[in-house]
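# Analysis of the macromolecular model
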Amino acid sequence: MNAPGAIAQAEPHRPSLNDAQMTEESLDYEENPLIKIEQQVLLEPWRRQSPSRAPIMYLPMANTPTLDLFIEQFIDAFAPDGREDCGKSSAIRQAGSERMFSPLLDEAFQAVSVAYFAQCTGSRVAAAHSHRAYCRVLYHLQGALFDPNQSRSTGVFATVILLMAYESLQHTSERALISHCVGALKLIEFRNPWNHMFGVEHLCFTELLPYWVCTALVMRKPTFLARSEWKIVPWSAPGCSKDIMATLLEQVVDLPTILWRHDRHKISQRARSKPLNELNAQLRRLWNSILELEVRLHNWKRNWADSYPSGQPLEVRWQGEDPFPVFRYIDPSTLEFVIPPTLVYPDPRLAHTLCLYYAVMLVLSSVDTRPVGRISTSQQLEFVHLICRSLEYYIRAVPGNMINRLAFPLRVAYDSLPETSLERRFIEEVFQLVERRKALRSWGRFIPDISTKI
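Residues numbered from 1 in each chain as written. Predicted model: local features only at pLDDT ≥ 70, side-chain atom pairs only at ≥ 80, totals over all residues. Heavy atoms only, no water.

### Brief notes about empty space enclosed by the protein
Heads up, the condition is: In this analysis a 1.4 Å probe is tested at points of a 1 Å grid over the protein atoms alone, and where it fits but cannot get out there is a cavity; an open set with protein on both sides within 12 Å along at least five of seven lines is a pocket; lining residues have an atom within 4 Å of a point. Grid points are joined across faces, edges and corners, and a volume is the space filled by probe spheres set on the points. In this description a helix means any DSSP run of H or I spanning at least four residues, a strand means any run of E spanning at least two, and both kinds are numbered starting from the N terminus. Three classes are used, and their members are as follows: Ala, Val, Leu, Ile, Met, Phe, Trp, Tyr, Cys and Pro are nonpolar, Asp, Glu, Lys and Arg are charged, and the others, Gly among them, are polar.
All told, the structure shown has two cavities of 30 Å³ or more when counted by the stated rule. Size it by volume and the largest cavity reaches roughly 520 Å³. Forming the walls of the largest cavity are 30 residues, and the residues nearest its centre are M164, L208, Y211, N404 and R405. For the lining of the largest cavity, the element with the most residues is helix α11 (residues 209-219), which contributes five residues. Size it by volume and the second largest cavity reaches roughly 60 Å³. Lining the second largest cavity, in full, are F205, L209, L225, W230, K231, W235, K242, A246, L249, E250 and V253. Elements with a minimum of two residues in the lining of the second largest cavity: α12 (228-232) and α13 (244-252). Among the elements that take part in the lining of the second largest cavity, α13 stands out by supplying three residues, more than any other. Classifying every residue of the lining of the second largest cavity gives eight nonpolar, no polar and three charged.

### Points about the environment of R441
Using the following cut-off: Residue exposure (1.4 Å probe, protein chains only): buried if accessible area is under 20% of the type maximum, exposed if over 50%, otherwise partly exposed. By definition in these notes, contact holds between two residues if any of their heavy atoms fall within 4.5 Å.
Along the chain, the position of R441 falls in helix α20 (residues 441-444). The exposure class assigned to R441 is partly exposed, which follows from its relative accessible area of 26%. In the structure, R441 is positioned 274 residues away from E167 in sequence and 8.4 Å away in space, judged by C-alpha atoms. Non-local contacts of R441, meaning those with residues more than four positions away in its chain, are made with Q119, S168, L169, Q170, H171 and E435.

### Let's talk about the nonpolar core
Across soluble globular proteins, you tend to see nonpolar side chains buried next to one another. Short version of the rule: Only buried residues count toward a nonpolar core, which is a set of Ala, Val, Leu, Ile, Met, Phe, Trp, Tyr and Cys residues joined through side-chain atoms within 4.5 Å.
Among the nonpolar cores identified, the biggest contains 130 residues, and F74 and W212 are the most heavily contacted of them. Counting residues per element, this core draws most heavily on helix α16 (residues 348-365), which supplies 13 residues. With sequence-adjacent residues up to four places away left out, F74 is seen in contact with I92, F109, V112, S113, Y116, L162 and A165. Core analysis: the next-biggest nonpolar cluster, separate from the first, contains five residues, F70, V114, A118 and A126 among them.

### Regarding the packing of aromatic side chains
Let me state the cut-off plainly: Any Phe, Tyr or Trp ring, taking Trp's six-membered ring, that has another such ring centre within 6.5 Å forms a pair; planes under 30 degrees apart are called stacked, those over 60 apart edge-to-face, and the others tilted. Charge-over-ring placement is defined geometrically: NZ (Lys) or CZ (Arg) within 6 Å of the ring centre, and within 35 degrees of the ring normal.
One pass over the structure, following the stated rule, counts 19 aromatic pairs. Residues F78 and Y116 carry aromatic rings whose centres are separated by 6.1 Å and whose planes lie at 85° to one another, so their mutual orientation is edge-to-face. With F78 in helix α4 (residues 64-78) and Y116 in helix α6 (residues 103-121), this residue pair connects regions lying 38 residues apart in the sequence. The buried category is assigned to Y116, whose relative accessible area is 15%. In textbook terms, an aromatic cluster arises when at least three aromatic residues are bridged by ring pairs, as seen for F74, F78, F109 and Y116. Above the face of the W235 ring, K242 is positioned so that its terminal group lies 4.5 Å from the ring centre. Positioned over the ring face of Y414 is R424, at 3.8 Å from the centre of the ring.

### What about the pattern of salt bridges?
We apply this condition: Salt bridges are counted wherever a side-chain nitrogen of Lys or Arg sits within 4 Å of a carboxyl oxygen of Asp or Glu.
Throughout the structure, instances matching the rule amount to 21 salt bridges. Close ionic contact of D368 with R370 constitutes a salt bridge, the shortest N to O distance being 2.8 Å. Through salt bridges that share partners, K231, D254, E292 and R296 make up one connected network.

### What to know about α6
The cut-off we apply is this: To estimate how far a helix should extend, the number of its residues minus one is multiplied by 1.5 Å.
With 19 residues, α6 should reach 27 Å at 1.5 Å per residue; the first-to-last C-alpha distance of 27 Å fits that figure. For α6, the tally of buried residues reaches 14 of 19 residues, placing the bulk of the element in the interior. Taken from the residues just after α6, G122 is the one with a positive phi, measuring 75°.

### Some remarks on unusual backbone geometry
Of note, the phi angle at N192 is positive, near 70°, even though the residue is not glycine. Residue classification places N192 among the buried residues on the basis of a relative accessible area of 12%. Of note in this structure, R220 is not a glycine but carries a positive phi near 55°. Its location among the elements puts R220 in the loop between α11 and α12.

Put into C-alpha cells, the structure is as follows:
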C-alpha cells in the first residue's frame, strides 16, 4: 500500500457504536465545502516539493555540543518538567530521546531549537540558519511520507509536532501552523488507535489531544476522533486513565460534525437545492444535536469542573508587581466602565480546561439558531469575560511556553467580539505581551491559523 494514499484515505474504518448515531449526511462528504479551497492552501507546504528518489543525506548544522545546548533549552521551554499541576507535558521531552533512532527527527529538533534561540536573542543569523534547516526538514519529510515504513514511524509523527512548534515561534506564513496540525491529524488516523497506547506515541496523542480536537474544530468537519475506538483504546493500557481535560474532549469531538451540518444547511439554503420540508427536517436535526451536546457539556461541568478536588476559582484584585494589561468592559445596562476582579485557580490544569470549555460553548453558540433555548448573547459575553479574567493567572502560573495551550480559547474569544470593543483590544494586548515574553511570533499575529470563523 502506498503510504501517501494511505494517509489521505486512512485505515479501513472499523464499525463502532458511535457510527450508529451518525447519519449518512454527516459521513457522505469528507470535506467541509465552505473551506474546501482553503484546505488546498493548508496542505501546500507538504506538497511544495515532490519526493526525491535519491538517498536522503542529513548534514550536521553546527558543532554538536552547541546544538545539544539549544535543544535542551528548547525542550525546557516547550516541555517543562515536574509540573503535574499544569497537565502533562512530557511528549516533546520523550521524543527527544528518540533522536538517535531518526535522522529526520534529529534534524527537526535542530531546526526548531535554533529557531527558539533566534527568537529569544533576536539573532538574524540564527533565524536564517533555522529557516534553511526547516526547509530541509520539510523536504525530507516528503520522502519519509512516501515510504510505507517511515510514514508510520515515531520519528515522522514527532517531526510534524516539532514543525508545529517551529511555526508558533517563526510564523512563516498565515496558514503554515494549521497545515502541520492537519497533517499530524492525518498521520494519527493512518497509524490507528492501537498504535497510541504506549510510549512516545501515546504521549503525543493524549497530551496533545486538545490540539488535535481544536484542529478538527478549525476544519469544521467530522473526524475519526469521534469514533468510539479513539475515545477508548489509547487509554486502555494498564494504569492509564483520563484526566479532566480528556473527559471534556470526549464530548467536544462531536462538535465538528455539528459545525459541518450547519455549514451544509447554509449552502443548501442559499442554493435552494432541496425542498423546504427537507431543509426544515435538516434544521431540526441540527437543533437536536446542538441541544444534546449542550446538555452533555453542562453535565460534564457539573460532574468534573464544579466538583474539582483541589477547589474552585477565586476572585482577586491583584496578582503581582510586574505589569499586565487591565481587563475592562462597558456594562450594557449602565454604559459605565467596569474592571472586574481577575480569577485565580487552584491549578493551571483547571484554568486551561475551563477556558477550553468556555471556548467550546462559544463555538457551539455560533451555530445555535434555535428559536427557544438558544445560548444567548449575554451568555456568550460571559464566556468571553471568563476567559479574559483567567489569562493573567495562567500566564503567570505556567512555566516555559505552555501558554500555547491557551491559544485556541483566546482566539475564539477574540473572534466572538466586535472589532471596536474594549475586550478585543485587551486580548490583542495579551497576544502581544505573550509574543514579547515568550518569543512566540505567531501570538503577535493573533494566530489567525486557528480561527474557527468562516
